Amino acid sequence: MATSGTTHALDLPEICALIAIHLTKAELGECILVSHQWANTFRPLFWRTMLVPRHKVALCRDEDLARHGHHVRILAAGRIQQSSPFDQASVCSLQHLEVSTCGSNDEPDNGLGCLPAIVHRNKTSLSELHWMCFGWDMKLNKPYRIWPEIFLGLERLETLMLSKWTISIDDFLTILKACPSLNTLTFEATEDLEDLSPLPSNSNVSNSNSNKIRRGSKMIDVSAQDRPPLFQHQGVHTVHYIGHAMPGYLRHLPKVQTLHLQNLTHGNLSTIPDEIRQYCPEIASLHILTLCSNPSRFLALVDSIHTLRSFQGRVPSEAMQDFLEMVLAKHAESIETLCLTEAESDGLRFNVWRFLENCPRLTDFQIPYKLEGSLLEASSTVAVPTGFTSSYFSSPRFLRRRPYEPTKPWVCQDLSKLWLRIKDMDIQLMETIALDLCVDRLIPLTEKVPKMASGGGSSSSYQYQQQHQTQGRVQSVGSLVGHHAHHRHGYGHGHGGARAHSPLERLIVEKLSGLKKLSKINIGSGWYDLPEMKD
Amino acid sequence: MPVTLTSLDDVKFTVDKDVAERSILIKNMIEDVGESDSPIPLPNVSSAVLKKVIEYCEHHRNDPVQVQDETDDPRKRSNDIEEWDMKFMAVDQEMLFEIILAANYLDIKPLLDVGCKTVANIIKGKTPEEIRKTFNIVNDFTPEEEAQIKKENEWAEDR
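Source: prediction; values computed, not measured.

Our next topic: the UniProt feature "domain: SKP1 component POZ" (unreviewed entry) in chain B. Those residues carrying the UniProt feature "domain: SKP1 component POZ" (unreviewed entry) are residues 3–62 of chain B in this numbering. End C-alpha to end C-alpha, residues 3–62 of chain B measures 17 Å, and it is 45% helix and 18% strand.

Attention now moves to the interface of chain B and chain A. Taken together, the contact pairs 43 residues of chain B with 44 residues of chain A. Carbon and sulfur atoms supply 65% of the area buried between chain B and chain A, which totals about 3,900 Å² over both sides. Across the chain B-chain A interface, the total number found is 2 salt bridges. A salt bridge links K124 of chain B to E27 of chain A; the nearest nitrogen and oxygen atoms lie 3.1 Å apart. Our count for the contact surface shared by chain B and chain A stands at 9 residue pairs in polar contact (both at pLDDT 80 or more). Those elements that place two or more of their residues in the side of chain B that touches chain A are α5 (93–106), α6 (109–123), α7 (128–135) and α8 (143–156) of chain B.

This part is about the state of the cysteines. According to the stated counting rule, one finds 0 disulfides over all chains in the structure shown. C116 of chain B forms no disulfide, and the closest cysteine sulfur to it belongs to C16 of chain A, at a distance of 8.5 Å.

All names here are of chain B. In this structure the tally under the stated criterion is 6 cavities of 30 Å³ or more. Looking at the largest cavity, its volume works out to about 70 Å³. Of all elements in the fold, only α1 (17–20) and α3 (47–59) reach the threshold of two or more residues within the lining of the largest cavity. No other element matches α3, which puts 4 residues into the lining of the largest cavity.

One non-glycine residue, K164 of chain A, lies in the positive phi region at around 60°. Here K164 of chain A shows up in the loop between β5 (159–163) and β6 (166–167). For K164 of chain A, a relative accessible area of 33% gives the class partly exposed. Phi angles above zero are rare outside glycine, and N136 of chain B is one such case at about 60°. Along the chain, N136 of chain B turns up in the loop between α7 and α8. Since its relative accessible area comes to 74%, N136 of chain B is described here as exposed.

This next bit is on the sheet that holds strand β1 (residues 2–6) of chain B. Residue and element names in this part refer to chain B. Spatial ordering of the open sheet is given by β2-β1-β3, a layout of 3 strands whose pairing is mixed. With partners counted over all chains shown, the strands left at the sheet margins are β2 (12–16) and β3 (40–41), one partner each. α3 rests against β1 and β2 of the sheet, and its axis sits at about 10° to β2.

Basis of the calculations
Residues numbered from 1 in each chain as written. Chains lettered and ligands numbered in written order. Predicted model: local features only at pLDDT ≥ 70, side-chain atom pairs only at ≥ 80, totals over all residues. Heavy atoms only, no water. UniProt positions renumbered as here; feature names shortened; annotations may be inferred. Helix = DSSP H or I, 4+ residues; strand = E, 2+ residues; numbered from the N terminus. Contact = heavy atoms within 4.5 Å. Buried area = accessible area lost by both parts, 1.4 Å probe. Salt bridge = Lys/Arg side-chain N within 4 Å of Asp/Glu carboxyl O. Polar contact = N/O pair within 3.5 Å; in protein donor to acceptor, adjacent residues only side chain to side chain. Disulfide = S-S within 2.5 Å. 1 Å grid on protein atoms, 1.4 Å probe; cavity = no way out; pocket = protein on both sides within 12 Å on 5 of 7 lines; lining within 4 Å. Points joined across faces, edges and corners; volume = space filled by probe spheres on them. Buried < 20%, exposed > 50% of the residue type's maximum accessible area, 1.4 Å probe, protein only. Pairing = 2+ DSSP bridges. Axes fitted to C-alpha atoms, helices over the stretch in contact; angles between N-to-C directions.

Following this line, the structure appears as structure tokens:
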């Protein structure tokens, strides 16, 4: 491929690797067939990733792997049993391995087959392992117990995912001690063997000096000197619990920064808040994708976080009000991401603007609820007729709307992603706001005209679209604006878009256009990508 | 603040500093040398190629600097090459590979990515014979070797 002594781009392996990233496996296969030199270049890239579905494992040919196995870095090997085509000397440089085994109490190797041999062969390079167990241990009445010795020597292991295992505290400690480089742990449908949680206390503050632990069905007194010193792994920073939480193990992971909880059975948070409060002060990110059976435990969980930077997920509707107040009260200075997933909460009366006024680090704010666009307060002028108690007249029906007035300027200058759905806002107006923001971005500062008052802005935006035809990428937005403006012109003034904007609506546009870093917005009519602000 | 770049064939190009600094190599050289008027020599890049590279950097001078993320999978990024970039890359094969080499040497990641994506798009959908025709390559496989490779490729493809 090289011409007369000079280097050709395709001679450089790093460039071929960059090209190969965009090619499918089949296309890489075609490249190998081009010539010997192309085969040598692209073959490592072809063999780099092997994702073998279970039904195809039988087709894997030993001789091919003997020849090319040393290129494999990422392997999904299906189910490992007594033998596997991947159990051979050439497959020794794996970085990423996904396997499953069938648990067994009867087999001498406990169903592990040749997996220990494979793992051992790759122990110096392995950085990610996903291991699932099939089967149910009838004796334990739990998933099969893990075999932690397999982790010995896995010094480079950073990411570990275990599915459908039972892990005792000793097993867990063996794993932690064997793998000093661990930083991400995922436990899916995995259970602890003993229940080591302290006695549940009635108050929200955990009783951290409990001297009793539960073993089986008995309470055992453990005095301070009997308890072994607490081994703590200094590297793990992310923990996922899927299906089942094992709070007691968090005490060994003091450096955890991110906690994911997903699909917990019965929505049971158990003693997670207590463990966090005592052992995990660095948790700053929460992803909660689970139902919560107990809203007060949910609030206790949020309350146990020292400095919250990111919250994504589901908030139980009964806890929503308190949750938002708590975040504002405790974490206004630190919160950067607040993304709440869809939920029914029409009754929510929370002034969400307070987040924009009080949270300087907010960059991603998504609350897809139907919110009242204005504050509601008890009307003091409604006279209470005799015979009725005044509480009846404070109920929602009698609260009077007071338009939102900014008490403070919006401080979230770094806000880049925003999703609010504001009740009672005209759909067309929502679109107009989004499009007006786009236009606002396209116009250089020197050419801006005064802000639109009522509906008149559409004609100016159409003119500017004409002037900026040559702008490559943004042309599509400009033409969309032009089309929209043209469309509205066609309907004349009778249509909704031409009505005077309410103070709230004007305020929203003004405030939003002040957010220079805003790049994605959804105020009820879909996501819009905003072009970058022109200087 | 203008910066002068000298190509392999001794042609001088004067560009604005922010344009030149789209190349991380040049950016580091400027930082090391400090404020100086002396031109920066680029002995690996011919003037024709350097001209194209400068054209790219000037058009993209205001792009946000890409944050290096090891977990960033380029396939997950937008697969569309911008219209302007596509027109820019519509050059003969020799120039295309020269631009890629230059982008690699000068450490201009976005240009390198676009170049590699362009080559990938050329390769996509072609049989080995068509690829050979495109890049002027001689088939040096025996029929037995070809059959062997085809067998290997068969089971190793993606699920």
